[in-house]
Structures are given as C-alpha cells and as structure tokens.
Amino acid sequence: MAPDLLGAVLSHTTPEGTVSLRLTEVEAYLGHGDDPGSHAFRGKTPRNAVMFGEPGHVYVYFTYGMHACANLVCSPQARASAVLLRAAEVVEGVDLARLRRSAGRGGTAHEHETRATQVSDRDLARGPARLTVAAGIRLDENGADAFSAPFSLVLPDEPVASVAAGPRTGVSGAGGDGGRYPWRFWIPGERSVSPYKRHPKAGSAN
DNA sequence: GACCGGATCATCT
DNA sequence: GATGATCCGGTCC
C-alpha cells in the first residue's frame, strides 16, 4: 500500500544525468468510483488509462496548464490504484535537479544562476509539480515502467520507522467524503515534506 | 510568517 | 466552455 513507498528511491536517468529521489510524502488515490478526488472517479478515460493498467508503471498527467505530476500505479488489490508523489528528498543529482528547477522560467542565464543558488535542497522536490520537474520526468513518459530504464525504483529494505497520515489537501472533495479518510502519508520530521496550507476558504474546520 | 489570487492548457461534459 | 491531484509572488500582519 501507499505508505510502503515512503523511503523508496526513484531514479530517473536522462542524457543530462541521473536524479534520484527518496520519497518522503505520498498520497493515495483509488481506482474506482469511491474516490471523488481521483482522476479515475468518472471511469476510464484515455488520460487515466495508465491507472487501470499494470502496477509499477508511472502515470504522468498535466494539470493547471503548467504543471506535470507523477504517480506510481499500485496493484488493484491494494487500497490505492495510484499514488501521487507529493514530496521527496534529492539524494543524487542535486545540481541537475537544481538546474531544472531554475530553468525554463524565462529570464537571463545570470538570473538562472542566481535563482539556482537560492533554491535550497529541501525545496527542490517539495510538491508534486516541483518533484516532477526536478526529476526531469516528462509527459511523454506517461505509462513507463518504473522499474526499467530510464527509471529505477528501489523499495526500502525495511519500512520507515514511523509514518504519519492525514487528510488530503488541495483536492476537490477533500472537505466532503474525501476528507474523511487519511490518504496522505509522509515521514514525520522530514524537512522536505510540504507543510501545505490548504485554502482557508475551502475548509477551516478548526 | 501566513494568506490570497492569478497564470495557463489538456481534458471532459 | 469550465475546471483542475499546483506553484509563485505580492501583500498584510
């Protein structure tokens, strides 16, 4: 299940180099109609077809017109059919990850360098879209096998010592049925975990 | 330090 | 035509 992926190391190799990510925060999504927040809620579509496919594959989707996010497809028998990678720690290829995060946003090369030095290690892959960018995962890699080149997925030898769970954030339906279940998991104490603040309007049930 | 709103386009109704 | 599994920057304590 989803928490098993915490601590796993996902590597992605391109001609530029290799970036390895140690997963510190994930979020589970069901593959059928019980989960209003899941892309698969409405059934199978060309976009989410990967979620209905074989476990161990990478599901990459494009959202908000500017962001790509990466998921790992799980066994249909598990609680979740897909796991969104929300945050990770860069354990290899830090420089390359930093370069990717600072590039492609316009501005001069000098500004890129300046910005690059400002991006702290913990911010490199904090958040689904950032994680995807840092790893260099592209949309056309949707459906790729996470265990085969250019990817490499190494599950942790033993489960992480402690796992924290909580409600989802930033998902429509999170305040409704979707919010009842703790489908977000992270490693407590990890500084790379996104301390996200949900929209106060959405539900300041506190 | 914390909150709010905008940007931007593939996908679905 | 509307909307979203988000991120960034400005603004106000």
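The structure this text deals with has already been given above.
The present account deals with the structure reproduced in this document. Everything numeric here is computed off the predicted structure, so don't read it as measured data.

### What to know about the environment of Glu 89
Relative to the elements of secondary structure, Glu 89 occurs in strand 5 (residues 82-92). For Glu 89, a relative accessible area of 31% puts it in the partly exposed group. As for Glu 89 and Leu 131, which are separated by 42 residues in sequence, their C-alpha atoms are 9.0 Å apart.

### Considering the pattern of salt bridges
Scanning all chains against the criterion turns up seven salt bridges. Here Arg 100 makes a salt bridge to Glu 16, at a shortest N to O gap of 3.1 Å. A residue pair is termed long-range when its members are at least 10 positions apart, and Arg 100 in helix 1 (residues 94-102) and Glu 16 in the loop between strand 1 (9-14) and strand 2 (17-29) qualify at 84 residues. Relative accessible area serves as the criterion here: at 12%, Arg 100 is assigned to the buried category. With a closest N to O distance of 3.3 Å, Glu 27 and Arg 86 form a salt bridge.

### Examining the packing of aromatic side chains
Scanning the model with the defined rule gives one aromatic pair in all. Both rings, one in Tyr 59 and one in Tyr 61, keep their centres 5.8 Å apart while their planes meet at 35°; by these two values the pair is tilted. Tyr 59 sits in the buried class, given a relative accessible area of 1%. Residue Tyr 61 is classed as buried on the basis of its relative accessible area, which comes to 11%.

Conventions used here
- Residues numbered from 1 in each chain as written.
- Chains lettered and ligands numbered in written order.
- Predicted model: local features only at pLDDT ≥ 70, side-chain atom pairs only at ≥ 80, totals over all residues.
- Heavy atoms only, no water.
- Helix = DSSP H or I, 4+ residues; strand = E, 2+ residues; numbered from the N terminus.
- Buried < 20%, exposed > 50% of the residue type's maximum accessible area, 1.4 Å probe, protein only.
- Salt bridge = Lys/Arg side-chain N within 4 Å of Asp/Glu carboxyl O.
- Phe/Tyr/Trp six-rings, centres within 6.5 Å; stacked < 30°, edge-to-face > 60°.

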